Amino acid sequence: MGKDIITRSIEDEEIKQFATYYEGRMLFVDNLQKLDPQTSVKVEAFVAVLCLKGKASLFVNDKFHEIHENELFICHPNIILESSMISIDFECRCICLSPEYVKQLAMISSNSWDVHFFLEKTPILPLTPDDVRTFCWYYDLLKLKSTSNHHKHKKQLMDALFMAFLYEFHDTLERFFTLNPPTYKSSESLFKAFIDNISASYPKSRSVSHYAKQLNVTPKYLSAVCKQISGHPASYLIDQCVIKDINFLLLRTEKSIKEIANELDFPNISFFGKYVKKHLGASPRQLRDKQKELS
């Protein structure tokens, strides 16, 4: 089992030490070899890692993935990452963006909810040689321009380059699934805010009313909007997020079941056990015992 979860943003000194370039909104990394493979990190940033050589394995919300040459790993904020192995010959290009900066980029935020769900299920994408060259070209150009002090409109230039890069990325994503064009409906804005609120909260409230109050709508209306857009009511979406936290704490940390129940704000260990049994089909102890048998 792993260690406790550490929360990291691109502003943390522990993250900056890996950077080949850093400023408040973005961070570039060329070498991930020094990462501690035993550290579980809740990343408060958008992260894109392109593998150029070698391979690496990692757990994303406790699901095992392996990235190989010419594959791109992407994660949204508040996803729990734990690296398992990085090969000696591993080479990569990594871009990290702060959530605040991404919110300013309308192209991402306009349809972020469907991208979010897709990348949560499929965080690693195989790229063509042309895709890889394009990614590296933008990476090198962005890093070059970001380190230059001779541009009067440096911020505007960086924003324009990122938008161009995102259009390229948008076209790449459409090879894997259909991106719905933004409609700018109030219902989609509400749904996006709901998903953002769940993702950003810890421990997560299991009450639809809690999020409805934050968003100034009724629980019934919030659930209806979720059903219309995602096919699932708000309660289902909340439970899926809570279960991810439970799974990680049960299977990837050494915390006691009582400690986990308290950390996730369950009223008592009995209620926690019933919740886990309902959604995962086994008690917390049974899930841990099964994990030990498979280890």
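Our structure is the block above this text.
These notes cover the structure that comes with them. (Residues numbered from 1 in each chain as written. Predicted model: local features only at pLDDT ≥ 70, side-chain atom pairs only at ≥ 80, totals over all residues. Heavy atoms only, no water.)

Let's talk about the overall build of the protein
Looking only at helices and strands, the protein features 13 helices and 11 strands. In terms of overall size, the protein behaves like a compact globule, its C-alpha atoms giving a radius of gyration of 20 Å where 295 residues would be expected to give roughly 19 Å. Projected onto the principal axes, the alpha-carbon positions of the protein cover approximately 60 × 45 × 35 Å. By the burial criterion, 47% of the 295 residues in the protein qualify as buried. For the protein, the share of sequence-separated contacts (at least 6 apart) that also reach a separation of at least 24 residues comes to 70%. Working note: accessible area of the protein is about 15,300 Å², and carbon and sulfur atoms make up 53% of it. (Helix = DSSP H or I, 4+ residues; strand = E, 2+ residues; numbered from the N terminus. Rg over C-alpha atoms; globule rule 2.2 N^0.38 Å. Buried < 20%, exposed > 50% of the residue type's maximum accessible area, 1.4 Å probe, protein only. Contact = heavy atoms within 4.5 Å. Areas by Shrake-Rupley, 256 points an atom, 1.4 Å probe, with all protein chains shown as cover.)

Description of unusual backbone geometry
Cis geometry is adopted by the peptide bond preceding Pro203, which originates at Tyr202 and carries an omega value of -5 degrees. Topologically, Pro203 is positioned in the loop between helix H7 (186-200) and helix H8 (208-214). One non-glycine residue, Asn216, adopts positive backbone phi at about 60 degrees. Residue position: Asn216 is located in the loop between H8 and helix H9 (219-230).

Brief notes about the sheet that holds strand S10 (residues 91-97)
Strand order across the open sheet formed by 6 strands is S2-S3-S10-S5-S8-S11, with antiparallel pairing between neighbours. The two strands at the open ends of the sheet, each matched to only one other strand, are strand S2 (21-23) and strand S11 (124-126). Neighbour-to-neighbour, the strand axes of the sheet open up by a mean angle of 15 degrees, direction not taken into account. This element, helix H5 (residues 129-146), spans S2, strand S3 (26-29), strand S5 (46-53), strand S8 (71-75) and S10 of the sheet and lies at about 60 degrees to S10. (Pairing = 2+ DSSP bridges. Axes fitted to C-alpha atoms, helices over the stretch in contact; angles between N-to-C directions.)

Points about the nonpolar core
By size, the foremost hydrophobic cluster in this structure holds 33 residues, and its most contacted members are Phe194, Leu222, Ile246, Phe266 and Phe272. When residues of this core are assigned to their parent elements, the largest contribution, 10 residues, is made by helix H10 (residues 234-252). Once residues lying within four places of it in the same chain are set aside, the contact partners of Leu222 are Leu190, Phe194, Val208, Tyr211, Ala212, Leu215, Val217 and Ala234. Counting 29 residues, the second largest nonpolar core, distinct from the first, contains Met26, Ile74, Cys136 and Phe162. (Core = buried A, V, L, I, M, F, W, Y, C linked by side-chain atoms within 4.5 Å.)

Observations concerning the side chain of Thr253
Relative to the assigned elements, Thr253 resides in the loop between H10 and helix H11 (257-263). A distance of 2.5 Å separates the side chain of Thr253 from the backbone oxygen of Leu249, its partner in a polar contact. Polar contacts involving the side chain of Thr253 include one to the main-chain amide nitrogen of Lys255, which spans 3.4 Å. (Polar contact = N/O pair within 3.5 Å; in protein donor to acceptor, adjacent residues only side chain to side chain.)

Things to note about the pattern of salt bridges
Scanning the entire structure with this criterion turns up 8 salt bridges. Here Lys204 and Asp245 are joined by a salt bridge, their closest N and O atoms 3.1 Å apart. Taken together, the residues span a long stretch of sequence, with Lys204 in the loop between H7 and H8 and Asp245 in helix H10 at a distance of 41 residues. Both residues of the pair, Lys204 and Asp245, belong to the buried class. (Salt bridge = Lys/Arg side-chain N within 4 Å of Asp/Glu carboxyl O.)

What to know about the packing of H7 against H10
The interhelical angle for the contact between H7 and H10, taken along N-to-C directions, is 30 degrees, at an axis separation of 10 Å. Overall, the two elements H7 and H10 adopt an arrangement that is roughly parallel. Judged by the sense of rotation from one axis to the other, the crossing of H7 with H10 is right-handed. Every residue of H10 that contacts H7 at Phe191, Phe194, Ile195 and Ile198 is listed here: Ala234, Leu237, Ile238 and Cys241. A breakdown of the residues in the contact of H7 with H10 according to their chemical character gives 8 nonpolar, no polar and no charged. (Parallel < 35°, antiparallel > 145°, perpendicular 65-115°, else oblique. Left-handed = near helix turned anticlockwise from the far one by under 90°. Nonpolar A, V, L, I, M, F, W, Y, C, P; charged D, E, K, R; others polar.)

With respect to the pairing of strand S9 (residues 79-86)
Alignment of strand S4 (residues 40-43) against S9, held across 4 bridges, turns out to be antiparallel. Paired with Val43 across the strands is Ile79, a residue of S9. In this structure, strand S6 (residues 55-60) lies alongside S9, joined through 5 bridges in antiparallel fashion. Bridge pairing in S9 links Ala56 to Ile86.

As far as function goes, none of this settles anything; it's purely spatial.
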